[in-house]
Amino acid sequence: MGASRAIRSRAATALMVLAIAAPQAAPARELPSSAVMIDGDDRLSPAAFAEKNGLSRQQLASRFGATGLVRCGGAVGTGQLVGAGNVIVTAAHMLFAPDGLSRDRKALCTFEIETSGGRQVVPIRLADTLCGSREPYADPAMRDWAVVPLERTVPGVRPYPLGSALKVPGRLVLVAAARTGGVEAHSLQHCRARVQTARAPDGLREVAIDCDAEGGTSGAALLDEEGSFQGVYVGFRSAHPGQPGPFSMSHYNFGVTAEGGLRRAIMDVVSRHQPLSAAAD
């Protein structure tokens, strides 16, 4: 990766960018090399987040309960239901390998989520994916998003609705479902969008955030306080991953906003994959 002072690129480190919970900051020597912690580790378990913010269990589930695991080949990361109970949004590199093919040779990728009725494991309809790029390692980070229909609707979960444009600077909630090594560990964190780092012609933006993340956070939701979807976590750039430090343009995590092509893709997939219903006679 070149000199240690160089900023790591997303393309070279995209698989090392999925974040999830640890209630207290870990010493630098105990952090995985893919962890980018801004100051300390401020991620909370769902129960701790609810207690700190005065939310009941039902309120927590209603606002922030549409996040789950994406499994595709050997990759394990985060995804969430957005706009409908059978549509998920995640990072494209969770689904597609550097050669542009599915991470699973048989395209048997799944979305897993805990619901009021128990754990649901639902196959992903990978062939019907709309994404910024099927070769996300070769293309700009702003294209590293994917919108995917599921084989069936997940019952008992409120999908995240599309929210207003993410304010920069502005507050957000990062919700993730896994950590380094593909270990399931749900976490939530209040953090901030700090700087716009790039903008596509269609209005989609890449934004540097001061949220904490590690391997397993890729594809995690960027939400507002009411649980509306504003973007997706993609990766990090850091001169010293694995060592906590203050937010700077050489040590930050980043995501893309639910604007432009990503927003249109969500609306398109939701529209095309609405479950059919028949009126009673």
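Note that the structure is a prediction, hence the values are computed from the model and not measured.

Procedures and definitions
- Per-chain numbering applies: the sequence of each chain, read as written, is numbered from 1 onward.
- Residue-level local features of this predicted model are given only where pLDDT is at least 70; pairs of side-chain atoms are given and counted only at 80 or more, and the full residue set underlies all totals for whole chains, interfaces and linings.
- Hydrogens and water molecules were not included; the side-chain quantities draw on all heavy atoms of the structure.
- Numbering of helices and strands runs from the N terminus, with a helix taken as a DSSP run of H or I at least four residues long and a strand as a DSSP run of E at least two residues long.
- Whether two residues are in contact is decided by their heavy atoms: any pair within 4.5 Å suffices.
- What sets the accessible areas is the Shrake-Rupley method with a 1.4 Å probe; for residues, cover comes only from the shown protein chains.
- Pairs of cysteine sulfur atoms within 2.5 Å are identified as disulfides in what follows.
- For every residue, the accessible area obtained with a 1.4 Å probe (protein chains only) is divided by the maximum for its type, and the residue is called buried under 20%, exposed over 50%, and partly exposed between those limits.
- In this analysis, the protein atoms alone were mapped onto a 1 Å grid. Cavities are point sets where a 1.4 Å probe fits without being able to get out; pockets are open sets with protein on both sides within 12 Å along at least five of seven lines; lining residues have an atom within 4 Å of a point.
- Grid points are joined across faces, edges and corners, and a volume is the space filled by probe spheres set on the points.
- Side-chain classes follow a simple rule in which Ala, Val, Leu, Ile, Met, Phe, Trp, Tyr, Cys and Pro form the nonpolar group, Asp, Glu, Lys and Arg form the charged group, and the remainder, Gly included, forms the polar group.
- By nonpolar core is meant a set of buried Ala, Val, Leu, Ile, Met, Phe, Trp, Tyr and Cys residues that side-chain atoms within 4.5 Å join together.
- For Phe, Tyr and Trp, where Trp contributes only its six-membered ring, two rings pair if their centres lie within 6.5 Å, and the inter-plane angle classes them as stacked under 30 degrees, edge-to-face over 60, or tilted in between.
- Only when the NZ of Lys or the CZ of Arg is both within 6 Å of the ring centre and within 35 degrees of the ring normal is a charge said to sit over the ring.
- Paired strands, in this sense, are two strands between which DSSP finds at least two bridges.
- Lines fitted to C-alpha atoms define the axes here, with helix axes fitted over just the stretch in contact, and angles between the N-to-C directions of these axes take values from 0 to 180 degrees.
- Put simply, a salt bridge is a Lys or Arg side-chain nitrogen that is within 4 Å of an Asp or Glu carboxyl oxygen.
- In protein, a polar contact means a hydrogen-donor-capable atom and an acceptor-capable atom, both N or O and within 3.5 Å, with residues adjacent in sequence counting only if both atoms are side-chain atoms; elsewhere, any N or O pair within 3.5 Å suffices.

Asks: So what's going on with the overall build of the chain? Residues and values would help.
Replies: Across its full length, the chain carries 4 helices and 13 strands. In the chain, the proportion of contacts linking residues at least 24 apart, taken out of those at least 6 apart, comes to 70%. Surface exposure of the chain reaches about 11,900 Å², of which carbon and sulfur atoms provide 51%.

Asks: Go over the state of the cysteines with me, naming the residues and quoting the values.
Replies: Evaluated as defined, the whole model comprises 2 disulfides. Here Cys72 connects covalently by a disulfide to Cys109, the sulfurs 2.0 Å from one another. With Cys72 in strand β1 (residues 67-72) and Cys109 in the loop between β3 (87-90) and β4 (110-115), this pair connects stretches of sequence that are 37 residues apart. The exposure class of Cys109 is buried, given its relative accessible area of 1%. Between Cys191 and Cys211 runs a disulfide, and the two sulfur atoms are separated by 2.0 Å.

Asks: If you had to explain the layout of surface pockets to someone new, which residues and values would you point to?
Replies: Taken as a whole, the largest pocket encloses approximately 560 Å³ of empty space. For the largest pocket, the lining is made up of 24 residues, of which Leu60, Ala61, Gly65, Glu114 and Thr115 are closest to its centre. Going through the elements one at a time, α3 (57-64), β1, β4, β8 (170-179) and β9 (183-199) are the ones with two or more residues in the lining of the largest pocket. Looking at the lining of the largest pocket element by element, the count peaks at 5 residues for α3. Here the lining of the largest pocket is built from residues that sort into 9 nonpolar, 9 polar and 6 charged.

Asks: Outline the nonpolar core, supporting the account with residue identities and numerical values.
Replies: Counting residues in hydrophobic clusters, the biggest one holds 71 residues, and the most contacted among them are Phe64, Ile124, Phe229 and Leu262. For Phe64, the residues in contact, after removing those within four places along its chain, are Phe49, Leu55, Tyr160, Val173, Val175, Leu188, Leu223, Asp224, Glu225 and Gly227.

Asks: Tell me what's going on with the environment of Val256, and back it up with residues and numbers.
Replies: Relative to the assigned elements, Val256 resides in strand β13 (residues 251-257). Among all residues touching Val256, those that are not within four sequence positions of it are Ala141, Met142, Trp145, Leu204, Arg205, Glu206, Leu222, Gln230, Gly231, Val232, Val234 and Leu262.

Asks: Break down the packing of aromatic side chains for me, with residues and values.
Replies: Going through the model one piece at a time under the given rule, you end up with 3 aromatic pairs. Taken together, the ring pairs in this structure connect Phe247, Tyr252 and Phe254 into an aromatic cluster. When the ring centre of Phe247 is taken as reference, the NZ or CZ atom of Arg194 above it lies at 4.3 Å. The cationic tip of Arg237 hangs over the ring face of Phe254; the distance from NZ or CZ to the ring centre is 4.2 Å.

Asks: Lay out the sheet that holds strand β11 (residues 221-223) with the relevant residues and their values.
Replies: Read around the closed barrel, the 6 strands follow the order β8-β9-β10-β13-β12-β11; overall the barrel is antiparallel. In this sheet, neighbouring strand axes are inclined to one another by 45 degrees on average, regardless of whether the strands run parallel or antiparallel. One ladder, built from 3 bridges, connects β11 with strand β12 (residues 229-238); its direction is antiparallel. Each bridged residue has a counterpart across the sheet, and for Ala221 the counterpart in β12 is Val232.

Asks: Before we move on, could you go through the pattern of salt bridges and cite the residues and values that matter?
Replies: By the definition in use, this model includes 15 salt bridges. Ionic pairing is found between Arg43 and Glu214, a salt bridge with its closest N-O pair at 3.2 Å. With a gap of 171 residues between them, Arg43 in the loop between α1 (10-13) and α2 (46-52) and Glu214 in the loop between β10 (205-209) and β11 connect regions that are remote in the sequence. Each member of the pair, Arg43 as well as Glu214, is classed as buried. Arg63 is the salt-bridge partner of Glu226, the closest N and O atoms lying 4.0 Å from each other. Residue Glu226 is located in the loop between β11 and β12, and its partner Arg63 is located in helix α3; the two are separated by 163 residues in the primary sequence. We classify Glu226 as partly exposed; its relative accessible area is 49%. What emerges from the salt-bridge pattern is a single network uniting Arg71, Glu112, Glu114, Arg119 and Glu184.

Asks: An account of the environment of Ser271 is needed here, citing residue identities and associated values.
Replies: With respect to the helices and strands, the residue Ser271 is situated in helix α4 (residues 260-272). Look at Ser271 and you get exposed, because its relative accessible area is 54%. When the C-alpha atoms of Ser271 and Gly83 are compared, they prove to be 9.4 Å apart, with 188 residues separating the residues in sequence.

Asks: Requested: an account of the side chain of Arg205, with residues and values cited.
Replies: Relative to the helices and strands, Arg205 resides in strand β10. Judged by its relative accessible area of 8%, Arg205 falls in the buried class. Within the structure, the side chain of Arg205 is placed 2.6 Å from the backbone oxygen of Leu166, a separation counted as a polar contact. Dropping the residues within four chain positions of it, Arg205 is found in contact with Met142, Ala165, Leu166, Val168, Gln196, Ala198, Arg199, Gly255, Val256, Thr257 and Glu259.

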